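# Breakdown of the fold
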Amino acid sequence: MKLFRDLCLIAMIAAGGIGGSQIPQLVQEYEQRLGGARDEAVAAHNKDIEDAGAFGLSLEDFADRYRASDDAAIRSGADNMLRRRDRAQALDKALVALDEAPYMLRPWAAFQHIDPVVGPATWNAFQPTLTIDPRFAVSGLLIAWIMHALLALIWRMIFARTRRERRRFDRRRA
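Counting restarts for each chain: residues are numbered from 1 in the order of the written sequence. Whole-chain, interface and lining totals are the exception, using all residues; otherwise, since this is a predicted model, local features are given only for residues with pLDDT of at least 70 and side-chain atom pairs are given and counted only at 80 or more. The basis for the side-chain values is all heavy atoms of the structure; hydrogens and waters are excluded.

Under the DSSP-based scheme used, a helix requires at least four consecutive residues in state H or I and a strand at least two consecutive residues in state E, with every element numbered from the N terminus. Along its length, the protein chain carries 7 helices and 0 strands. The N-to-C order of helical and strand elements in the protein chain reads α-α-α-α-α-α-α. For the radius of gyration, the atom set is restricted to C-alpha positions; the globular benchmark scales as 2.2 Å times the number of residues to the power 0.38. Rg of the C-alpha trace for the protein chain: 27 Å, well past the compact-globule value of 16 Å for 174 residues, more than 25% over. Along the first, second and third principal axes, the C-alpha set of the protein chain runs to 100 × 40 × 25 Å. Looking at the 174 residues of the protein chain, the share that counts as buried comes to 27%. Carbon and sulfur atoms make up 62% of the accessible area of the protein chain, which totals about 12400 Å². His is not counted, nor are the chain ends; Lys and Arg add positive charge and Asp and Glu add negative charge. Just so you know, the charge point we use is NZ for Lys, CZ for Arg, CG for Asp and CD for Glu. Once the 25 positive and 22 negative side-chain charges of the protein chain are each reduced to a mean point, those two points are 24 Å apart. We call a residue buried when its accessible area falls under 20% of the maximum for its residue type, exposed when it is over 50%, and partly exposed in between, using a 1.4 Å probe and counting protein chains only. For the area figures, the Shrake-Rupley method with a 1.4 Å probe applies, and any residue is considered shielded solely by the protein chains shown.

Residues enter patches when their relative accessible area tops 30% and they take part in no salt bridge; the joining distance is 9 Å for like charges and 5 Å for the nonpolar side chains Val, Leu, Ile, Met, Phe, Trp and Tyr. Within this document, salt bridges are pairs made up of a side-chain nitrogen of Lys or Arg and a carboxyl oxygen of Asp or Glu, the two lying within 4 Å of each other. Residues W145, I146, L150, L151, L153, I154, W155, M157, I158 and F159 make up a contiguous nonpolar surface patch of about 1100 Å² in total accessible area. As for its placement among the helices and strands, M157 is situated in helix α6 (residues 134-159). Using a relative accessible area of 63% as the deciding quantity, one classes M157 as exposed.

In this structure, D99 sits in helix α3 (residues 72-100). Residues D99 and A110, spaced 11 residues apart in sequence, show a C-alpha to C-alpha distance of 9.7 Å.

Right, let's get into the environment of A37. Locating A37 in the fold gives a position in helix α1 (residues 2-54). Taking the C-alpha atoms as reference, A37 lies 9.2 Å from V117; in sequence the two are 80 residues apart. Two residues qualify as a contact provided that any one of their heavy atoms is within 4.5 Å of a heavy atom in the partner residue. If we ignore the near neighbours within four places in the chain, the residues touching A37 are R87, L91 and V118.

Quick look at the structure:
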């Protein structure tokens, strides 16, 4: 049983180190995709502001005019304008938070502000690389070691016999 536990420890530590070292690359790819999505959202939002400005209105006043229309298609245009504005602001906020985060906390900042479109797309397109970041590799090793210790403790709590039971069994054998 000790051999199995030791092999699990080695496998978990190797996976933790390799997996942890890939995190900076994943965050970098997410940041690049987030920047592109933000640029697109800002461009669409700026076009809405330009359209509103052509009539001498603010975006909110322009949206209110759209909402006052009897046509449902035009009313939905107001909601679309405001959604584009909100998305541009949310993506900008996420990108600023990611840029301002300390290096070791960038994954946490990315996770806190994960975009429902950009995040899954980044994960689906991510390809592990041979680059190894020692800081994140060590973090991954430590997390894997702690997870192994917790799993071993849980395993012992569930499946280990008490000392008393073992002593009784050992006396009967003798």
